[in-house]
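This is what each chain is made of:
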Amino acid sequence: MAGQEYEETADPAAVKRHPALFRAIRQRKNPKLRRSDITVTDEAAVKRAVKAASLGNAMEWFDFGIYSYLAVTIGRVFFPSGNSTVELLSSFATFAVAFLVRPLGGMFFGPMGDRIGRKKVLALTMIMMAIGTFAIGLIPSYASIGFWAPVLLIFFRLVQGFSTGGEYGGASTFIAEYAPDKRRGFFGSFLEFGTLAGYIGAAGLVTALTAALGSDSMQAWGWRVPFLIAGPLGLIGLYLRLRLDETPAFQKLESESAHASEAADSVEITTKEDLARIFRQYWPTLILCIALVGAYNITDYMLLSYMPTYLSDELGYSETHGLLILLVVMALLMLIINQVGKLNDRFGRKPLLMAGMLGFFFLSLPAFLLIKQGGIPAITAGVLMLGLSLVCLLGTMSAALPALFPTEVRYGSLSVGYNLSASLFGGTTPLVITGLIGLTGNNLMPAYYSMAAALVGVIAVACMKETAQRPLDGSPPSVSTEAEAARLVASQTPEPKF
């Protein structure tokens with residue numbers, strides 16, 4: 001506490017001579033909480049916020065999931081070369097292109113969300129994401145319009161990537177600022193529940209279509225169906241988000257800051273100022289955020305996006321075979337992810353994050369050796385080992401990351417840090433792994449790559465502060481009930497001495 005620090009640096013003799021004076025200084029530096037300072041959350045409003053934010057996240061990963069799972073087909077439709085490796089690399093390069101503009105989207109939407117509100121920006125990103133995905137389903141093939149087919153594909157992937165730049169930072173901020181302090185991990189875990197739901201929806205749909213239509217029909221027209229479904233999903237998500245109120249933390253900030261009401265007229269100018277402030281004042285935390293997200297994204301994309309392609313392209317299994325195994329594992333992770341959220345509320349974010357990072361470091365090589373043996377039991381066991389490590393990260397990260405930054409720059413800082421890292425490490429993961437296997441001829445490269453990422457993650461987790469059960473930086477305490485608020489105020493009043 002600032003007052004205690006002042007007292008510790010002051011002359012001990014002076015403190016002893018003037019106890020009342022130093023007590024007054026301490027109270028001025030650390031004023032007691034009043035009941036009006038404490039936010040009592042509305043359970044129904046929190047659930048609505050969680051549902052709207054999670055659906056947007058589910059749609060984002062549904063979009064990216066269908067592209068990953070259709071990578072081989074998309075390579076043949078848009079980049080026909082007669083060489084399967086070249087087609088796959090071209091398809092994954094286009095997958096990575098969307099991540100190149102994600103930092104730009106984060107730098108644009110993040111500071112805007114800190115100025116005009118989380119709700120408006122999240123509605124805008126939802127619209128753009130739905131348009132970008134729906135449009136991909138309408139693009140004619142290379143056989144129909146030649147060069148313009150991959151050009152249009154890349155353009156709409158850029159639209160997807162730009163809108164996604166404002167999505168995760170905003171959605172995780174939205175849930176974190178709505179949730180009570182002691183349950184932020186539990187409610188935050190629903191954001192990544194949405195991630196798994198999006199992946200499962202994508203994997204299930206692609207698997208069903210492939211089984212029903214066959215490879216030829218999928219290549220001819222079936223691949224378009226999952227992309228076209230994004231349109232109606234986007235409208236549902238937009239409706240849910242527009243029904244929400246702004247977060248209590250942002251409302252409090254807005255009421256205390258006169259310039260917030262003028263944000264809509266000065267976004268272009270103030271965004272540059274806010275970005276400069278973020279990089280100038282919060283660069284150590286940004287580096288920590290980038291390291292955490294980099295380790296998390298590499299392991300996430302390696303397992304959830306790249307694994308089906310690895311099983312089919314490197315080990316010779318059918319595309320449906322790999323997707324079905326991953327589908328079962330992801331369904332199991334969905335059953336336990338909210339329990340991970342409860343655990344990190346109880347024991348802290350750092351122990352769960354460390355467990356996940358160490359799991360990837362020690363289990364990646366044994367898991368891939370199992371997967372290489374072949375057979376459904378061995379592959380399922382290997383994927384499940386990686387999945388249990390990943391769920392420790394999935395169920396914790398969405399509560400840990402927003403707590404790194406103060407309220408006035410939370411959306412902007414998290415969007416910038418998250419998307420810089422996702423651009424550099426996340427979206428490039430399938431491309432890098434495919435390239436490394438092609439270069440070395442060693443199909444254990446995914447294990448070595450995730451181990452290297454996990455080692456960086458271990459160091460980052462060791463450097464971060466514990467934030468479980470504490471108010472967000474720059475926000476008042478948030479509790480579930482009036483009784484809890486009363487206890488919090490009463491706890492500051494010392495017991496009378498007789």
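Parameters and conventions
- Residues numbered from 1 in each chain as written.
- Predicted model: local features only at pLDDT ≥ 70, side-chain atom pairs only at ≥ 80, totals over all residues.
- Heavy atoms only, no water.
- Helix = DSSP H or I, 4+ residues; strand = E, 2+ residues; numbered from the N terminus.
- Buried < 20%, exposed > 50% of the residue type's maximum accessible area, 1.4 Å probe, protein only.
- Contact = heavy atoms within 4.5 Å.
- Areas by Shrake-Rupley, 256 points an atom, 1.4 Å probe, with all protein chains shown as cover.
- Salt bridge = Lys/Arg side-chain N within 4 Å of Asp/Glu carboxyl O.
- Axes fitted to C-alpha atoms, helices over the stretch in contact; angles between N-to-C directions.
- Parallel < 35°, antiparallel > 145°, perpendicular 65-115°, else oblique.
- Left-handed = near helix turned anticlockwise from the far one by under 90°.
- Nonpolar A, V, L, I, M, F, W, Y, C, P; charged D, E, K, R; others polar.
- Core = buried A, V, L, I, M, F, W, Y, C linked by side-chain atoms within 4.5 Å.
- Expected span 1.5 Å × (residues − 1).
- 1 Å grid on protein atoms, 1.4 Å probe; cavity = no way out; pocket = protein on both sides within 12 Å on 5 of 7 lines; lining within 4 Å.
- Points joined across faces, edges and corners; volume = space filled by probe spheres on them.
- Bend = angle between axes of the 7 residues up to and from the residue.
- Phe/Tyr/Trp six-rings, centres within 6.5 Å; stacked < 30°, edge-to-face > 60°.
- pLDDT = per-residue confidence, 0-100.

A. Inspection of the overall build of the protein at higher detail. Across its full length, the protein holds 23 helices and two strands. Taken across its 498 residues, the protein has 56% of its residues classed as buried. For the protein, the share of sequence-separated contacts (at least 6 apart) that also reach a separation of at least 24 residues comes to 85%. In the form shown here, the protein has an accessible surface area of approximately 20,500 Å², with 65% of it arising from carbon and sulfur atoms.

B. Expanded view of the pattern of salt bridges. Within this structure, the stated rule accounts for four salt bridges. Among the salt bridges present, the one from Arg277 reaches Glu408, with a minimum N-O distance of 3.6 Å. Here Arg277 is found in helix 15 (residues 263–281), whereas its partner Glu408 is found in the loop between helix 19 (376–400) and helix 20 (410–426), with 131 residues between them in sequence. Assessed through its relative accessible area of 25%, Arg277 is described here as partly exposed. Judged by relative accessible area, which is 29%, Glu408 ranks as partly exposed. Between Arg349 and Asp345 there is a salt bridge, and its shortest N-O distance comes to 3.0 Å. With respect to burial, Arg349 and Asp345 carry one shared label: buried.

C. Molecular detail of unusual backbone geometry. Even without glycine at this site, Gln469 takes up a positive phi of about 60 degrees. For Gln469, the position within the fold is in the loop between helix 22 (445–463) and strand 2 (478–479).

D. Fine view of the environment of Gly185. Topologically, Gly185 is positioned in helix 12 (residues 184–222). Gly185 gets classed as buried once you look at its relative accessible area, which sits at 0%. Gly185 sits 163 residues away from Gly348 along the chain, and the two C-alpha atoms are 9.0 Å apart.

E. Quick look at the packing of helix 21 (residues 429–440) against helix 22. One can describe the packing of helix 21 onto helix 22 by two numbers: an axis separation of 9 Å at closest approach and a directional angle of 130 degrees. Relative to helix 22, helix 21 is oriented oblique. The two elements helix 21 and helix 22 meet at a crossing, and its hand is right-handed. On the side of helix 21, the interface is formed by Thr429, Val432, Ile433, Leu436, Ile437 and Thr440, while helix 22 contributes Met445, Pro446 and Tyr449. Tallied by class, the residues present in the contact of helix 21 with helix 22 amount to seven nonpolar, two polar and no charged.

F. Seen up close, the nonpolar core. Tyr69, Phe78, Met307, Phe368, Val383, Leu401 and Tyr418 are the most contacted members of the largest nonpolar core, which totals 120 residues. A total of 16 residues in this core trace back to one element, the largest contributor, which is helix 16 (residues 283–314). Every residue in contact with Phe78, bar those within four places of it in the chain, is listed here: Ile139, Pro140, Tyr142, Ala149, Pro150, Leu153 and Trp223. By size, the runner-up hydrophobic cluster in this structure holds six residues, among which are Ala123, Ala130, Ala230 and Leu238.

G. Broad picture of the packing of helix 18 (residues 349–373) against helix 22. It is at 8 Å that the axes of helix 18 and helix 22 come closest, and there the two elements cross at 160 degrees. Classified by the interaxial angle, the pair formed by helix 18 and helix 22 is roughly antiparallel. Helix-helix and strand crossings are classified by hand; for helix 18 and helix 22 the assignment is left-handed. The segment helix 18 lies against helix 22, with Lys350, Leu353, Met354, Met357, Leu358, Phe360, Phe361, Ser364, Leu365 and Phe368 engaging Pro446, Ala447, Tyr448, Ser450, Met451, Ala454, Leu455, Gly457, Val458, Val461 and Ala462. Counted by class, the contact of helix 18 with helix 22 contains 17 nonpolar, three polar and one charged residues.

H. Structural context of helix 8 (residues 118–136). The end-to-end C-alpha distance of helix 8, which contains 19 residues, comes to 28 Å, matching closely the 27 Å that a straight helix rising 1.5 Å per residue would cover. Within helix 8, burial applies to Arg118, Val121, Leu122, Ala123, Thr125, Met126, Met129, Ala130, Gly132, Thr133, Ala135 and Ile136.

I. Region of interest: the layout of surface pockets. If you add up the space inside the second largest pocket, you get close to 370 Å³. Lining the second largest pocket are 16 residues, with Ala403, Leu404, Lys465, Thr467 and Asp473 positioned closest to its centre. Residue composition of the lining of the second largest pocket, by class: ten nonpolar, two polar and four charged.

J. Local environment of the side chain of Ser389. Within the secondary structure, Ser389 sits in helix 19. Discounting chain neighbours no more than four positions away, the residues touching Ser389 are Gly356, Gly359, Phe360 and Leu363.

K. Structural detail: helix 16. A rise of 1.5 Å per residue sets the reference length of helix 16, with its 32 residues, at 46 Å; its end C-alpha atoms lie only 40 Å apart and thus fall more than 12% short of the reference. At Tyr306, helix 16 shows its largest bend, some 60 degrees, and a proline, Pro308, comes one to four positions later. Judged by how many residues are buried, helix 16 sits mostly within the fold: 24 of 32 residues are covered. Where helix 16 terminates, the next one or two residues include Gly316, which has phi positive at roughly 80 degrees.

L. Inspection of the packing of aromatic side chains at higher detail. According to the stated counting rule, one finds 14 aromatic pairs in the structure shown. Ring-pair connections join several aromatic residues into one group, and the members of that group are Phe186, Phe187, Phe190 and Phe193.

M. Looking closely at the confidence of the model for the protein. A residue-level look at the protein finds 84% of positions with pLDDT of 70 or above and a mean pLDDT of 80. For residues 1–8, every residue scores under 50 in pLDDT, and the model assigns this stretch 13 contacts once sequence neighbours within four places are set aside. Residue range residues 258–269 is modelled with pLDDT below 50. Its contacts to residues more than four positions away, or to other chains, number eight contacts.

N. Here's a closer look at the environment of Glu87. Mapped onto the elements, Glu87 comes out in helix 6 (residues 84–100). For the pair Glu87 and Thr73, spaced 14 residues apart in sequence, the C-alpha to C-alpha distance is 9.1 Å.

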